[in-house]
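Results of the structural survey
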Amino acid sequence: SAACRVIVHVDLDCFYAQVEMIRNPELRDKPLGVQQKSIVVTCNYEARKLGVKKLMSVKDAKEKCPQLILVNGEDLTPYRETSYKVTELLGEFCPLVERLGFDENFVDITEIVEKRLNQLQQSGCSRVCVSGHVYNDQAINLHDTTHVRLVVGSQVAQEFREAIHLRLDLTGCAGVAWNKLLSKLVSGTFKPNQQTVLLPESCQDLMRSLGHIQKVPGIGYKTAKRLETLGVRNVCDLQALPPAALEKELGVSVAQRIQKLSYGEDGSPVTPSGPPQSFSDEDSFKKCSSEVEVKEKIEELLPNLLDRIHKDGRQPHTVRLSIRQFSSTDRWFHRESRQCPIPPHLIQKFGKESSNVMSPLVDILMKLFRKMIDVDLPFHLTLLSVCFSNLKDLPSSKKGSIGFYLKQVSPPSSSGKRVREVEDVSQGEGSASWNDNCNRTGTAKTRKLSEEKKSNIKKAGTPDFPFHLSRSDIDQEVFRELPEDIQKEIISEKT
């Protein structure tokens, strides 16, 4: 049951800075900041002691700490690679590991705790000691099974942190509780390189200590703004608000979810992350106000993304472009996105020379951009983001082989037509499905071209489907649309 779960939240200390200190040990024990654009995105604890804070401007950070050493952190590759090493290491202990950004992981250790408890019972040992801190210095009751489970969980969390330090040279904090929400909230109580366990009796003290409602994970900026219109600014306000008023403003499901969160209730499972579901990269800037600049920004983002996709080995089928327009009132949260399928002929080129896909991808992304922005009018962008998603494994049969074109005859659909399961190889850049999604004006022209291709094939004297071949091996419709040399190769192989 949810009440019997034991969840650990592992949060690595000043992660980017730690990675840089591992890459260059000479930076240890010196005030270090990791810079992206004009912002210090994170800094080590030596720098924090001297007044530098996360997300401080480089100018302010240098004024606070003239001896601050800055490292460019705009290439995320080393951070990403180290992050996955941490997740993989935790996976050696337990399969239920869920990534949260680069530097955080949830681990459901319920089964590990159960085994430890059984071993303790079999050995006749009745005493267990907590590792790290107990929130609020609450006394542990060894006659309370929930307390005992969480104490054993603290020992497991300590083992996680020791393994991460020994094998990856990274330190981090951990929180131990009975759900994800509370383990995340309690993990930051003592920093750096420490851990805290939360006992049920202290849950409400933790929740009420949060201050602003947006500090509750799961309540975002826009929801917080709507709550403020109801006079809700902190957790106590949210707990006291009549459910009917909350449901009227946010709807029943959202209202019930966030009111439960305000009490520390969270039944969400730890879901193993597996391989990434998408690849994205973005760039923020003070101003981008011309098509030429937009194209340059896109061209800067693509090479790293294509390299990551190549290393992953899967093929993306969808591309998305996101932009953020300047707004003096809503500085961070006004994003707009458009996406479309990647044309089949381009999908086949992923994983090969990135130069083969760069130019057509830039064209596609610029089309998406023009769907959001009227380029004949002035515009002011502060962010561009490119995302590839809908990742699929490579087909087992490559397009270059004859087997790619062969298929079993599909069962008739309800309309009596045979279902096509093989990519229509006659569709190139003018694929109707592509134009429907990205540029509808080209649809009629595309269909006309497609019809001309088919008529030209017929005029060239391409043979009809050879009836002496087994119809269970080859789809007649696909066969007729294949290039003539491929058709002849199939016939020669089958005769």
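Please read all numbers here as calculations on a predicted model, not as lab measurements.

1. Some words on the sheet that holds strand 2 (residues 32-36)
The sheet built from four strands is open, its strands ordered 4-3-2-5 with mixed pairing. Across the chains shown, the open sheet's two edge strands, defined by having one partner strand only, are strand 4 (56-57) and strand 5 (69-72). Sheet topology note: the strand 2/strand 3 (residues 39-43) ladder contains four bridges and is antiparallel. Looking at strand 3, one finds that valine 34 is bridged to threonine 42. Helix 1 (residues 15-23) rests against strand 2, strand 3 and strand 5 of the sheet, and its axis sits at about 110° to strand 2.

2. Some points on the packing of helix 1 against helix 4 (residues 77-93)
The geometry of helix 1 relative to helix 4 is characterised by a closest axis approach of 10 Å and an angle of 95° between their N-to-C directions. Relative to helix 4, the element helix 1 lies roughly perpendicular. Seen from helix 1, the contacting residues are Phe15, Tyr16, Val19, Glu20 and Arg23; seen from helix 4, they are Pro78, Tyr79, Thr82 and Ser83. For the contact of helix 1 with helix 4, the residue count by class is five nonpolar, two polar and two charged.

3. Brief notes about the nonpolar core
With 69 residues, the main nonpolar core has Ile109, Val216 and Leu227 as its most contacted residues. If one sorts the elements of this core by residue count, helix 6 (residues 145-168) sits on top with ten residues. What valine 216 contacts, discounting residues up to four positions off in sequence, is Leu181, Met207, Leu210, Val235 and Leu261.

4. Observations concerning the pairing of strand 14 (residues 381-392)
Along strand 14, ten of the twelve residues are buried, which leaves the element largely enclosed by surrounding structure. Here eight bridges tie strand 11 (residues 278-288) to strand 14, and the two strands are oriented antiparallel to one another. Note on strand 14: the bridge partner recorded for serine 278 is serine 389. With ten bridges connecting them, strand 12 (residues 315-325) and strand 14 associate as antiparallel partners. Bridging from a neighbouring strand, valine 319 pairs with phenylalanine 388 of strand 14.

5. Some words on the packing of aromatic side chains
How two aromatic rings sit relative to each other is set out by the distance from centre to centre and by the angle between their planes. This structure, assessed with the given rule, holds six aromatic pairs. Relative to phenylalanine 160, the ring of phenylalanine 93 has its centre 4.9 Å away and its plane inclined at 70°; by these criteria the two rings are edge-to-face. Placement of phenylalanine 93 in helix 4 and of phenylalanine 160 in helix 6 is noted, with a sequence separation of 67 residues between them. Looking at phenylalanine 93, the relative accessible area reads 33%, which means it is partly exposed. Overall, phenylalanine 160 belongs to the buried group, its relative accessible area being 0%.

What counts, and where the lines are drawn
Residues numbered from 1 in each chain as written. Predicted model: local features only at pLDDT ≥ 70, side-chain atom pairs only at ≥ 80, totals over all residues. Heavy atoms only, no water. Pairing = 2+ DSSP bridges. Helix = DSSP H or I, 4+ residues; strand = E, 2+ residues; numbered from the N terminus. Contact = heavy atoms within 4.5 Å. Axes fitted to C-alpha atoms, helices over the stretch in contact; angles between N-to-C directions. Parallel < 35°, antiparallel > 145°, perpendicular 65-115°, else oblique. Nonpolar A, V, L, I, M, F, W, Y, C, P; charged D, E, K, R; others polar. Core = buried A, V, L, I, M, F, W, Y, C linked by side-chain atoms within 4.5 Å. Buried < 20%, exposed > 50% of the residue type's maximum accessible area, 1.4 Å probe, protein only. Phe/Tyr/Trp six-rings, centres within 6.5 Å; stacked < 30°, edge-to-face > 60°.

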